[in-house]
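Here's the letter readout for the chains.
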Amino acid sequence: MTEPSAPHFLEVGRITKPHGLRGDLLVVLTTTRDDRVAVGSVLRTEQGDLVVKASRVHQDRFIVSFRDVESRERADELRGLVLQAEAVEDPDELWVHELIGCRLIEANGTDRGVVESVQENPASDLLVTDTGILVPVLFITSHTPGSEVIVDAPEGLFDGF
């Protein structure tokens, strides 16, 4: 019998600042999964786990109440903390940490360099390569985590490179 592997945690958001006097906090999610701040969710931080007591959308963020955070002073101690949650196993999801370091390869086999980062962009996040190429994530057709990303980009995207 094999031992189950330890859970893998990913960044899902960041606490920006307190909101009001009762311990509520403004949270910016770095994931499209807003269920990460659903009531009862457990989020890992460098100061220990936080359990979501309540949350609601506020502009482009969330106002979140955590169990045992009942004052502005306590909320202020959490300012700037990164929130992590257990990775969800979904073969159709793209994870930034699995794209960085991969070779970027066109569908025709042309190697376009190594993915160095993923840049947020309103229309589609962009793969940033070591050669300066920016490729919208929506052109990814397949990927092998830690190895390669295959893209089917429109003609002209790589002109000049």
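What counts, and where the lines are drawn
- Residue numbers here run from 1 along each chain, matching the order of that chain's written sequence.
- Confidence filtering applies because this is a predicted model: local features only for residues at pLDDT of at least 70, side-chain atom pairs given and counted only at 80 or more, and all residues used for totals across whole chains, interfaces and linings.
- The side-chain numbers reported here are obtained from all heavy atoms of the structure, hydrogens and water having been left aside.
- For helices the rule is a DSSP run of H or I covering at least 4 residues; for strands it is a run of E covering at least 2, with both sets numbered from the N terminus onward.
- A simple rule labels every residue: compare its accessible area, found with a 1.4 Å probe on the protein chains alone, to the largest value its type can have, and call it buried under 20%, exposed over 50%, or partly exposed in between.
- It only takes one pair of heavy atoms within 4.5 Å for two residues to be counted as in contact.
- To qualify as a nonpolar core, a set must consist of buried Ala, Val, Leu, Ile, Met, Phe, Trp, Tyr and Cys residues joined through side-chain atoms within 4.5 Å.
- Salt bridge, as used here, is a side-chain nitrogen of Lys or Arg placed within 4 Å of a carboxyl oxygen of Asp or Glu.

### Brief notes about the environment of Gly-101
In step 1: Within the secondary structure, Gly-101 is located in the loop between α2 (96-99) and β7 (103-106).
In step 2: According to the relative accessible area criterion, Gly-101 is partly exposed, its value standing at 44%.
In step 3: In sequence terms Gly-101 and Ser-147 are 46 residues apart; their C-alpha atoms lie 7.3 Å from each other.
In step 4: With residues up to four places along the chain from it excluded, the contact list for Gly-101 reads Val-114 and Val-115.

### A look at the nonpolar core
One recurring pattern in soluble globular proteins is that nonpolar side chains are buried together.
In step 1: The biggest cluster of nonpolar side chains holds 18 residues, and the ones touching the most others in it are Ile-15, Leu-43 and Phe-66.
In step 2: Going through the elements one at a time, β1 (9-18), β2 (25-29), β4 (50-58), β5 (61-66) and β6 (82-86) are the ones with two or more residues in this core.
In step 3: Aside from chain neighbours lying at most four places away, what touches Ile-15 is Leu-25, Leu-26, Val-27, Leu-50, Phe-66, Leu-78, Arg-79, Gly-80, Leu-81 and Leu-83.
In step 4: With 14 residues, the next largest nonpolar core counts Val-115, Ile-133, Val-137 and Phe-139 among its residues.

### Regarding the pattern of salt bridges
Working definition: two side chains of opposite charge can pair if their charged atoms are close together.
In step 1: Per the stated rule, a full pass over the model turns up eight salt bridges.
In step 2: As a salt-bridge pair, Lys-53 and Glu-70 come within 3.3 Å of each other at their nearest N and O atoms. Residue Lys-53 is located in strand β4, and its partner Glu-70 is located in the loop between β5 and α1 (72-77); the two are separated by 17 residues in the primary sequence.
In step 3: A relative accessible area of 41% means that Lys-53 is categorised as partly exposed.

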